[in-house]
Each structure stands twice: as C-alpha cells, then as structure tokens.
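For reference, the chains in residue letters:
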Amino acid sequence: MTGALAQNPDPGPRTPFRGLPQTLVAATVAMALGLGAVIAIFSVVDGVLLRPLPFPEPDGLVVVWNQFTKLGLPQLEISEPELLDYRKQGTALEGLAAIYETDANLTGFEEPERVSVALSTPDLFSVLKVAPAVGRGFVAADGAPDAPRTAVLNDGYWRRRFGADPGVVGRTLMLNGAPCTILGVMPPRFGFPSGVDLWVPLRLDPKDMNARGTHYLRTVGRLKPGVAIEKAQAEMAVIGRRLQGEYPGNYQADSGWGVNVVPLKDQLIGKIRPALLLLFGAVVLVLAIACVNVTNLLLARALARSREIAVRIAIGAGRAQVVRQFLVESLTVTLLGGLLGLLIAFWAVKGLTAINPDAIPQGAAIGLDARALLFAALLSLVSGLLIGLVPALQTSNPNLAEALREGGEKSVGSKVRRRTRSWLVAAEMALALVLMIGAGLLIKTFSKLQQVSPGFDPAGSLTMQLSLPERKYAEGVQVTAFFRQLLERLKALPGVRQVGLIDHLPMDGQERSGSYSVADRLPAPGAVPPEADLRSVSPGYFQAMAISLDRGRAFEDSDGPDTPPVVVVDAKLARLYWPGQDPIGKRVRLGGLDSRAPWMSVVGVVSSVRNTGFDVEPREQIYLPSSRDPVTGVFVVIRAAEGTDPAKLVGPVREQVRALDADLPLFDVRPMTDRLAVQLAPRRLSTTLLLALAALALVLSAVGMYGVVAYSVAQRTREIGVRMALGGQRNTILGMVIGQGLKVALVGVAIGILLSLAAVRFLESQLFGISRTDLATFLGVPLLLIFVVLAASYWPARRATRVDPLVALQRE
C-alpha cells in the first residue's frame, strides 16, 4: 500500500489534494473503524455513566442498605420494623420508600398471564417526584391494611396489553385471584424498578409487623434540600448503633452490623461501570492505533513529495502554507472517516442494546443523539489535527539545497525520518499488544469459567415457573396436595425421565439463606451463627437436576409433616463439621443458639452446587423437604428421557397444569442450559468485544508494518540493486529487509509488555482462575504479534529479492 505510493510519488497534477484519492480508501477505512468504535462505546458510557438519572433532582436520590460485613453481607435488604425506625428516627431524608419485587398471576383474559409486580409503599412516586401520565398515583390511604387493592401500570405494559386505551383507569384486574382497580399509567420513560409491569401498594401494619430479622425490602430515599449524603450516612450510623443496643440479638456485636447510604446512581451502575470503562479504554487504544497508522501513511506520502515542497518553498511559499495543506488533507481523511464511523457506531449501538436490554441500566438513554454527534465531530477534528502535524513538521522545513540536488531521495530516506516511521509502527504494536494481552487474559478467564462444574448437569433438563395464588391456596396442605398431583401427572408423560420442584433454582438471581446450628457444635453465647443457602425441594429434584448423591438417600414421598424431620446437606457442610465421619444421622436445625426450630436428621449428602455464579465459591447448603416447607412459588425441573427434545414437553406440561387449575400460567420456560448461558453472557460479550478490538489492532499493526517495510524497499531499490550486482545473495537481502521489521517489532513488543504489566491491574476484578501476569499469555501473545509482523514484512522483502540489478542501477 505505502510502497506503491512511494514508487509513484507524482501520479497526477499538483493540486492541494494531489495523490489523496490513492490514500483515501485505506486511511478513511482505518479512521472509520477507530472512530466508529469510540463513538459507539462513548454513546453507551454517556447514556449509562454520564447522564443523570431520568428523575427530577436525581442527585438527591439514595438507597439505604443494612450490612453485616463480617457475615459476607455488605448490602442486605431491610425489614418492616427497620423501615419504620429509619423513617421515624432519621431527619436527613425527606422520604424513604420501600419496594418488594415479585410476580403475580393475572387472570380474566383468554389466557392467564404472569406479570412482574413491584409492591411499593405509596410514597414511591412522590419520593422520585414522578407523576402518572394517565390517572393518578398512590396516596397514603392506598397503603392501609383494609384499603381496596389498586395498581398503577407501566407504560409499556399498558400499550402491550390494553392498546394504550386511556379508559383503562378504573378497570378491575384479577391479580392472584383478588380484584385490583387500575388507578393510572406511568410516563413512557419511567421504569423503576426496571422490568416492572405494574405497581401495587405495599401494606404495612405496625400492629402486625414481620420479624425484625426478615429482610426483604429494597429502599429509595431522597435527601432533604441542602443535606449532604455524608450527613445522612452519619445519622444512619447513629441509628444503627442505637438499634444494636436495643436489639442485641438481631445485631450481634461481631457481625459487622451497620447501615449504609449509597447514591442511587452508584447503586444502579456500580456493577457495569468497570466493564464499560474497560471497553472505552480499549476502543481509545484502537483509535490511537488507527491514528498512528494513518499518520505513518500520510508521512510516507509527504516525504515522497519533499522535492516538490522544497520547490514551493524556494519560490516563496511560506511554511504556514505547507503546514496548512497537510492539515487540510488529514482533516479531510478524519472527517470522512468520522462520517463513516457514525454509520458503524449506529449499527454497533443498535446491536449492543439489542443483545440484552435489561442488562444495561438506563438503556433507554443510549443512542446517537446530539451529544454523540458533537463528540464525533470534536474527535474527528482533534484526530485530524494530530495526524497532520507529524508529516507537516517533518517536511515543511527542508534543507533546500539537499532536497533539490538529490531529487528528494536522500531527504526522503534520512535516518531521522526513517526512525520516525519506525517508531510510529513500534507504538502501534505496543498499543496492540496491550489490547491483545487483555483479550488473552479474558479469553483464558472465560475458558476457566466454562470448565467450572455448577454441581449438576444442565443438559437435557427443562425448567419453568409456577406460582399458586395464596387466596386460593391458603393452607400448606392445599399447596402440598396440588404439587403432589402435578408431579404424578408430569412423571406419567411420555419422554419424561424425572421431575422435581425447588423454590429457587441455582443461579436464578434470588437468594434464600438463613442461620443454622449443628448439634454438639453449638455457637458460643452471643456469637454469630453460620449462614447457609436454604432450598425447599421435592422428591425427585436431585435426580431431575443430576446432582450427585454422595452418601445416604434423597428425599422420598414418605418424608412428610407427620414423620421425623429430615434434611439433606451438601458436601461442603459435611466436610466442615464432620470431617472423616459419616454425616448420616447427624442433626442440624435452623436458627442460632436460642432457636426453637426442631432438630433435623441428616439423611443424605449431595455435591455442592453453585447457586450464585460460576466465579463465586458456594457456601454451605441445606435442603428441606417441600412437604415440611411448602412454598407457593416453585421452579419445575423436568429431565427428558434419552432421545427426547425437552422443548417438545412444554405443550404437554402446560396441558397438565391447565387440567389442575385453568387460571395458572406456566411461565419462564427455558432449558437449564439457557439459564447458565445467561450467567456467562456478560463475560462472553465483554470478552468477544475486546477480542474483536484486539484483532482489529493486530490487523492495523500488520498493515502499518507492511507499509513501512514496503516503503523502505521502494526507497532502497538502487542500494539493493548495487548489493545484488556486487554478488549479494537473495537470502541475504531477504534477511536484511525482514530484520528491519523484526527490530521494530521487538521494540514495540518490549514497550507493549511494560505497558501491559501496568494496564492489566485494571483487569484484575474481571479475572478468574488465572493471574493477571499469566505467563502463557505474556509469552504467547507477543510471539503471535511478532509472527504476524514478520509475515507482513515477508512480502515486501520477497519483492526486494526480485529486483533486477540493471533496472535498479538505472534508477536516479
């Protein structure tokens, strides 16, 4: 590419843009790729990190969390009594609303539907200072224990279910079998919490409060005008110490108890911030590589015109005129690249937001708006000025006598200018190496995560949710009877090998945990009891999930409420308390030292399951029989028989549910493999994006090296001809040219490794199973880069060995 330009340095008439069409495609495409990537990620960063939340006066919004840091609970929901305490004793907040997200069965239509519901205190909308677009919101009376049931709809759900009919206000829905009157519809962009279909008042009765230790409420509050968050934090800390003195059994001294106040925006974007900043840093590196590449390309073209520039200066052209010409040319390239980059960014943003919209907070604010266009224009302008400066400064002050006498060749090939081009390529490779090493570390991390066993076999299992309305199934015996009938019906279906129920599937995003005690290993008085994951499962669940049974037995139909209580524990709990012993027959119970829960005999030990994520070590797990711990909302797990497609079982399962209760919707139907894929999706996306950027950087670096070597070969044609006329061997010429590229590559790799060692510390939180200085990555990636660079150097070097000495010696 560059060599071709050098061999034909004067292809057309002398115009301000002479030769530009020959470099326009390569330079514009390079800049379009770099600018497009930066603009796309900037649009995401701007929409998620930089823009304020879509609420009036968003800086005053905060979240209040409980914390038990020494129990591994840095953020824990609050209980109903704690909500009243924080409201009553606090003065820094002008409002504190509570929310509990759940699902509900919506009936009264042709097909029952499962909807996402936010049970919220009536002051939620007033705390956020957002009013409904249609109808009215909640008032305090709507939260009274005996008030009629009401609801406010999400705009999207209103349009989808009711066709945006404003007459929906006053209409009655059947929610979990109870009538519920629609009060209003929220504005289109309002979605707090995200994914909610409708809001229902949360009824809190001070006379009938749940236990202080029942933490299930999320909060959002608003600071009073002029009150800093530090003051609110200090006040909540005082309240926390006061509660600890009043209720020492709930807030043990060695539990790390406290109350934490966090800005709402930090809460919403905290988890995604590192990944976005990482991607933004990566695309900035790609843009830098593209800029260096184009700079080298334009520099080679400019140096090939040294004699022309010398002539122009000799006849009176000022240096400023020459500099201006180069800047105009570079700006033309970057502005054209910016326009094409906007198109690339549009596609990229559309693709990123379509992959998993709910995974990106404030996803509605992401787009190529005026801010993104302004950013694109400024970035193109600055890039053009920086790119044009190097060739302008290198060629605008030539040695006139030398340039005119030598025809530009010596001037063009001077050591300083050759070194400038070589250093630019070395910089390209150093930046590319940083991206490649980062991508290599993430690829190894992703590979390690895929090798982690979740503790069960997801292949061949189909999962779905089912929830019984409490008004219709108020008694535990009713719940148990319904699910027993359902299991019997599902087991009888053709193609079903095993069926089981569980209240919370592994990695479903929900947690159920509680303290426990082990007989003969009771905690000391005042000590914090250990915590375990709790799950309520039916007979057949372990077989349906292919969870291995290490000792004893699984639950059976005979384990009922009238038989001695039994429990199944995981291998981690068994190793912790009974190392080298037989756990079968040992006793555990829920709660701490003062617990009145019954002792339960261990009848089985199963393998440990990762309930939270592939990269999170599982804690102890206790499984309770669903007959003694009935829950209305369950996941149904079906393991298909050999040769049966699990997807073909959905229809028959739905028919069996409808036969038992026509008003029950079956929802969230997915293979277990899909649920695990969702867990890995964010890491897969970030790894794929970084890998794509690293590949782009590698290609740009290879192109840059090819251009420099090809240009050097073109300029040294006479020298190479002389060497060959004097007996130089082709292999010697080949080694000489490739060696030039190798020297540049080694310099770039050395610099890149040093930069990578400094940069990968920002990746540490994203790594799993490997060190940030993983030796295989830090050796393999540089070797790959050197190989690609040598390959890029080989083709112009091979062309150099085919130079005809007679033709070369005739060249001026």
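These numbers come from a predicted model, not from an experiment.

Chemist: So, the side chain of D142: which residues are in play, and what are the values?
Modeler: Summarising the element assignment, D142 is placed in the loop between β5 (134–135) and β6 (150–153). There is a polar contact of 2.9 Å between the side chain of D142 and the backbone nitrogen of V139. Residues within four places of D142 in sequence aside, it is in contact with R136, G137, A147, T150, L183 and P201.

Chemist: Account for unusual backbone geometry, with residues named and values stated.
Modeler: Put simply, F192 and P193 share a cis peptide bond, and its omega is -5°. When you line up the elements, P193 lands in the loop between β8 (178–185) and β9 (198–201). Backbone geometry at E57 places phi at a positive 50°, although glycine is not the residue there. Tracing the backbone shows E57 in the loop between α2 (20–50) and β1 (61–68). Note on E57: relative accessible area 52%, which makes it exposed.

Chemist: Outline the environment of L299, listing residues and values.
Modeler: Here L299 lies in helix α8 (residues 273–303). As for L299 and T420, which are separated by 121 residues in sequence, their C-alpha atoms are 9.2 Å apart.

Chemist: How would you sum up the packing of aromatic side chains? Please name residues and give values.
Modeler: A complete count under the given rule lists 18 aromatic pairs for this structure. Ring centres of F125 and W199 lie 5.8 Å apart, and the angle between their planes is 75°; on these two criteria the pair is classed as edge-to-face. Taken together, the residues F125 in helix α4 (residues 124–128) and W199 in strand β9 connect sequence positions 74 residues apart. Comparing F125 with W199, the two get one shared label, buried. Through successive ring pairs, a cluster of aromatic residues spans F55, F125, F138, F190, F192 and W199. In this structure, R212 is placed above the aromatic ring of Y247, and the distance from its NZ or CZ to the ring centre is 3.9 Å.

Chemist: Hey, could you go over the pattern of salt bridges for me, with residue numbers and the actual values?
Modeler: Applying the stated criterion to the full structure yields 25 salt bridges. A salt bridge links R553 to D559; the shortest N-O distance between them is 2.9 Å. Each of D46, R51, D369 and R371 takes part in salt bridges that share partners, so that together they form one network.

Chemist: Residue-level account of the side chain of T445, with values.
Modeler: If you trace the backbone, T445 turns up in helix α14 (residues 415–451). Apart from residues no more than four positions distant in its own chain, T445 is found in contact with R683, Q766, L767, F768 and I770.

Chemist: Got a sec to walk through the packing of helix α15 (residues 476–491) against helix α18 (residues 650–660)? Specific residues and values, please.
Modeler: Two numbers describe how α15 lies on α18: the axes approach to 10 Å, and their chain directions differ by 145°. In this structure, the crossing between α15 and α18 has a hand that is right-handed. Each of F482, Q485, L486, R489 and L490 in α15 lies in contact with α18, whose residues at this interface are V653, Q656, V657, A659 and L660. For the contact of α15 with α18, the per-class residue count stands at seven nonpolar, two polar and one charged.

Chemist: Account for helix α21 (residues 730–759), naming residues and giving values.
Modeler: The terminal C-alpha atoms of α21, which comprises 30 residues, lie 42 Å apart, in line with the 44 Å expected from a rise of 1.5 Å per residue. Those residues of α21 lying buried are I733, V737, I738, Q740, G741, V744, A745, G748, V749, G752 and S756.

Chemist: Pulling in residues and values, what's your account of the pairing of strand β4 (residues 113–120)?
Modeler: Each regular strand displays side chains that alternate between the two surfaces of the sheet. Most of β4 is tucked away, with seven of its eight residues classed as buried. With eight bridges joining them, strand β3 (residues 93–107) and β4 adopt antiparallel strand pairing. Within β4, the position partnered with D103 by the bridge is S116. Turn length for the β3-β4 hairpin, with the two strands adjacent in sequence and antiparallel, is five residues, and the turn residue G108 shows positive phi of about 105°.

Chemist: Explain a nonpolar patch on the surface to me, and be specific about the residues and the numbers.
Modeler: Taken together, the side chains of L340, L343, F346 and W347 define a hydrophobic patch exposed on the protein surface, amounting to about 410 Å² of accessible area. Of note, W347 is situated in helix α10 (residues 319–355). Residue W347 is classed as exposed on the basis of its relative accessible area of 55%.

Chemist: Talk me through the packing of helix α3 (residues 80–89) against helix α6 (residues 229–246); I want residue IDs and the actual numbers.
Modeler: As a packed pair, α3 and α6 sit with axes 11 Å apart at the nearest point and diverge in direction by 125°. Judged on the interaxial angle alone, α6 and α3 are oblique. Every pair of crossing elements has a handedness; the one defined by α3 and α6 is right-handed. Here α3 contributes D85, Y86 and Q89 to the contact with α6, which in turn contributes M236, I239, R242 and L243. Here the residues of the contact of α3 with α6 are counted per class, giving four nonpolar, one polar and two charged.

Chemist: Account for the nonpolar core, naming residues and giving values.
Modeler: Counting 78 residues, the largest nonpolar core has M31, V48, V294, M429, M705 and L785 as the members making the most contacts within it. The set of elements that each furnish at least two residues to this core consists of α2, α8, α10, α11 (370–395), α14, α19 (672–715), α21 and α22 (775–800). Setting aside chain neighbours within four positions, we find M31 in contact with G36, L287, A290, C291, V294, V333, T334, G337, S383 and I387. Of all hydrophobic cores here, the second largest spans 28 residues; its members include Y541, F542, V603 and V606.

What counts, and at which threshold
Starting afresh in each chain, residues are numbered from 1 along the sequence in its written order. With pLDDT at 70 or above as the cut-off, local features in this predicted model cover only qualifying residues; side-chain atom pairs require 80 or more to be listed or tallied, and sums for whole chains, interfaces and linings still use all residues. Hydrogens and water are ignored here; the side-chain numbers use all heavy atoms of the structure. A run of H or I in DSSP counts as a helix once it spans at least four residues, and a run of E counts as a strand once it spans at least two, with each numbered from the N terminus. Any N or O atom pair separated by 3.5 Å or less is treated as a polar contact, with the protein-specific requirement of one donor-capable and one acceptor-capable atom, and with residues adjacent in sequence counted only for side-chain atom pairs. Should any heavy atoms of two residues lie within 4.5 Å, those residues are considered in contact. Burial classes: relative accessible area under 20% of the type maximum marks a residue as buried, over 50% as exposed, and values in between as partly exposed (1.4 Å probe, protein chains only). We call Phe, Tyr and Trp rings a pair once their centres come within 6.5 Å, taking the six-membered ring for Trp, and we label the pair stacked below 30 degrees between planes, edge-to-face above 60, and tilted otherwise. Two conditions define a charge sitting above a ring: the NZ of Lys or the CZ of Arg must be within 6 Å of the ring centre, and it must be within 35 degrees of the ring normal. For this analysis, a salt bridge means a side-chain nitrogen from Lys or Arg found within 4 Å of a carboxyl oxygen belonging to Asp or Glu. An axis is simply a line fitted to the C-alpha atoms; with a helix, the fit covers only the stretch in contact. Between two such axes, the angle follows the N-to-C directions and lies from 0 to 180 degrees. If you view the pair so one helix is near and one far, a crossing is left-handed when the near helix is turned anticlockwise from the far one by less than a right angle, and right-handed when it is turned clockwise. Note on residue classes: Ala, Val, Leu, Ile, Met, Phe, Trp, Tyr, Cys and Pro are nonpolar, Asp, Glu, Lys and Arg are charged, and everything else, Gly too, is polar. A helix is expected to span 1.5 Å for every residue after the first. Two strands pair under a simple rule: DSSP has to find at least two bridges between them. Patches were defined on residues exceeding 30% relative accessible area and lacking a salt bridge, with like-charge contacts within 9 Å and nonpolar side-chain contacts (Val, Leu, Ile, Met, Phe, Trp, Tyr) within 5 Å. We get accessible surface area from the Shrake-Rupley algorithm with a probe of 1.4 Å; when it comes to residues, only the shown protein chains can shield them. Roughly parallel here means an angle under 35 degrees, roughly antiparallel means over 145, roughly perpendicular means 65 to 115, and every remaining angle is called oblique. As used in this record, nonpolar core signifies buried Ala, Val, Leu, Ile, Met, Phe, Trp, Tyr and Cys residues forming a set joined through side-chain atoms within 4.5 Å.

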